[in-house]
Every structure is written in structure tokens, then in C-alpha cells.
Amino acid sequence: MKAEPAARAWVEAWTRAWRALDADLLAPVYTAEAVHRSHPFREPGSPIEYARWAFGSEQGEPEVWMGEPIVAGNRAAIEWWAVVRENGKEVSLAGTSVIRFDEQGRAVEQTDYWGQSNGRTPPFEGWGQTPAGSDPIKAGG
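Quantities reported herein were computed from a predicted structural model and do not represent experimental measurements.

## Here's the deal with the pairing of strand 5 (residues 89–101)
Relative to strand 5, strand 4 (residues 75–86) runs antiparallel, the two sharing 12 bridges. Paired with Trp-81 across the strands is Ala-94, a residue of strand 5. Linking strand 4 back to strand 5 in an antiparallel pair, the connection comprises 2 residues, with Asn-87 at a positive phi of about 50°. Pairing analysis gives 11 bridges linking strand 5 to strand 6 (residues 107–118), with the strands arranged antiparallel.

## Let's talk about the layout of surface pockets
Once rolled over the atoms, a probe with the size of a water molecule shows which space is left empty. Quantified by volume, the largest pocket comes out at close to 340 Å³. In terms of lining residues, the largest pocket is bounded by 22 residues, among which Trp-18, Tyr-50, Ala-54, Glu-58 and Leu-93 are the most central. Those elements that place two or more of their residues in the lining of the largest pocket are helix 1 (3–20), helix 2 (47–55), strand 2 (58–66), strand 4, strand 5 and strand 6. Here the element with the most residues in the lining of the largest pocket is helix 2; it accounts for 5 residues. Of the residues belonging to the lining of the largest pocket, the class tally is 12 nonpolar, 6 polar and 4 charged.

## Topic: the environment of Ala-27
Tracing the backbone shows Ala-27 in the loop between helix 1 and strand 1 (30–37). On the basis of relative accessibility, which here comes to 34%, the residue Ala-27 falls in the partly exposed class. For the pair formed by Ala-27 and Ala-17, sequence separation is 10 residues and the distance between their alpha carbons is 9.9 Å. If we skip the residues at most four places from it in the chain, Ala-27 touches Ile-48 and Arg-106.

## Here's the deal with the environment of Thr-31
Mapped onto the fold, Thr-31 is located in strand 1. A C-alpha to C-alpha distance of 9.4 Å links Thr-31 and Gln-104, two positions 73 residues apart in sequence. Apart from residues no more than four positions distant in its own chain, Thr-31 is found in contact with Asp-102, Arg-106, Ala-107 and Val-108.

## A closer look at the packing of aromatic side chains
A complete count under the given rule lists 7 aromatic pairs for this structure. Seen from their ring centres, Trp-10 and Trp-14 are 5.8 Å apart, and the 40° between their planes marks the pair as tilted. Residue Trp-10 and its partner Trp-14 are located together in helix 1, separated by 4 residues, close to a single helical turn. Summarising the aromatic geometry, the rings of Trp-14 and Trp-18 are spaced 6.1 Å apart at their centres and angled 75° between planes, so their arrangement reads as edge-to-face.

## Overview of the environment of Val-91
Looking at the element boundaries, Val-91 is found in strand 5. Residue Val-91 is classed as buried on the basis of its relative accessible area of 6%. Measuring from C-alpha to C-alpha, the distance between Val-91 and Gly-119 comes to 4.9 Å, with 28 residues separating the pair along the chain. For Val-91, the residues in contact, after removing those within four places along its chain, are Ala-82, Val-83, Val-84, Glu-86, Gln-116, Ser-117 and Gly-119.

## Regarding the pattern of salt bridges
Counted under the stated rule, the structure contains 7 salt bridges. Arg-19 is the salt-bridge partner of Glu-61, the closest N and O atoms lying 3.5 Å from each other. Of this pair, Glu-61 sits in strand 2 while Arg-19 is found in helix 1, placing the two residues 42 residues apart along the sequence. Judged by relative accessible area, Arg-19 falls into the partly exposed class, the value being 31%. Each of Glu-4, Arg-8 and Glu-68 takes part in a single network of salt bridges with overlapping partners.

Calculation notes
- Residues numbered from 1 in each chain as written.
- Predicted model: local features only at pLDDT ≥ 70, side-chain atom pairs only at ≥ 80, totals over all residues.
- Heavy atoms only, no water.
- Pairing = 2+ DSSP bridges.
- Helix = DSSP H or I, 4+ residues; strand = E, 2+ residues; numbered from the N terminus.
- 1 Å grid on protein atoms, 1.4 Å probe; cavity = no way out; pocket = protein on both sides within 12 Å on 5 of 7 lines; lining within 4 Å.
- Points joined across faces, edges and corners; volume = space filled by probe spheres on them.
- Nonpolar A, V, L, I, M, F, W, Y, C, P; charged D, E, K, R; others polar.
- Buried < 20%, exposed > 50% of the residue type's maximum accessible area, 1.4 Å probe, protein only.
- Contact = heavy atoms within 4.5 Å.
- Phe/Tyr/Trp six-rings, centres within 6.5 Å; stacked < 30°, edge-to-face > 60°.
- Salt bridge = Lys/Arg side-chain N within 4 Å of Asp/Glu carboxyl O.

So this is what it looks like as C-alpha cells:
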């Protein structure tokens, strides 16, 4: 199994799902038993159920940016950034997901590290670029 194609499939699935606010679009990139921690201090759960809950408070079409995956062995770290409308207010979210993939390239474990800020803050110059000089993957404008 090569983690790089799996990581890119994860990026594509999350970009589509988040922009559409449709957690069901994530199913192809996770195993049924996948364990997800949406924050290091939260209890683990299903990544799709978490996305369903999180997307439930968002409206409109979020702006989503994905950084270039950093891959080692069967794991990847992927930076992400989004500007969303939650309960009528703009919120900026930025974080990194650390993902472990199985032999078929589906995520079996994911831990997210993130922060948020009120208002619209797009990624800073140089964000998500690996190797130096590459552009982050942006969806939605």
C-alpha cells in the first residue's frame, strides 16, 4: 500500500464533502471500523458521524484549502484550513489530521489537531507548502 495516493484520495473526499456539507461523501476513504479523534482531548468516534455532526451547524458553501500531504510509511499528516459559516457567523478553522491507512488505502485511524478564530482569515502565505515553493491545494475559489 502506498500512503501518498491514499492521502490524496482523503484530501479529495474531505474537500468535496466539506464544500457540499455531505458527510456521506467520506465513506469511500474510511474503513467501517475507523477510529477518529476530532481533537486530542476528545473521546474517539466514527469520522463520518463526527462530520455529520460538525457539518450540521454549518451553512452555505465553505471555503476549503488542503495542504500538500506529508507521508511516511502508512501514515500521512495533512494540513487543512476552512472558512465556514456557523450559526450565522463566519469562523476560520485551521488544523492538521494525522491519518493511518490500511493495506487497501483506507483510513483506519485519524487524530485532528486544530484551532479556530472568529471571522474570515484565509491561509497565510506559505501555508501548506511541502516541498518549499509548491502551492496548497485549494477548493472553492
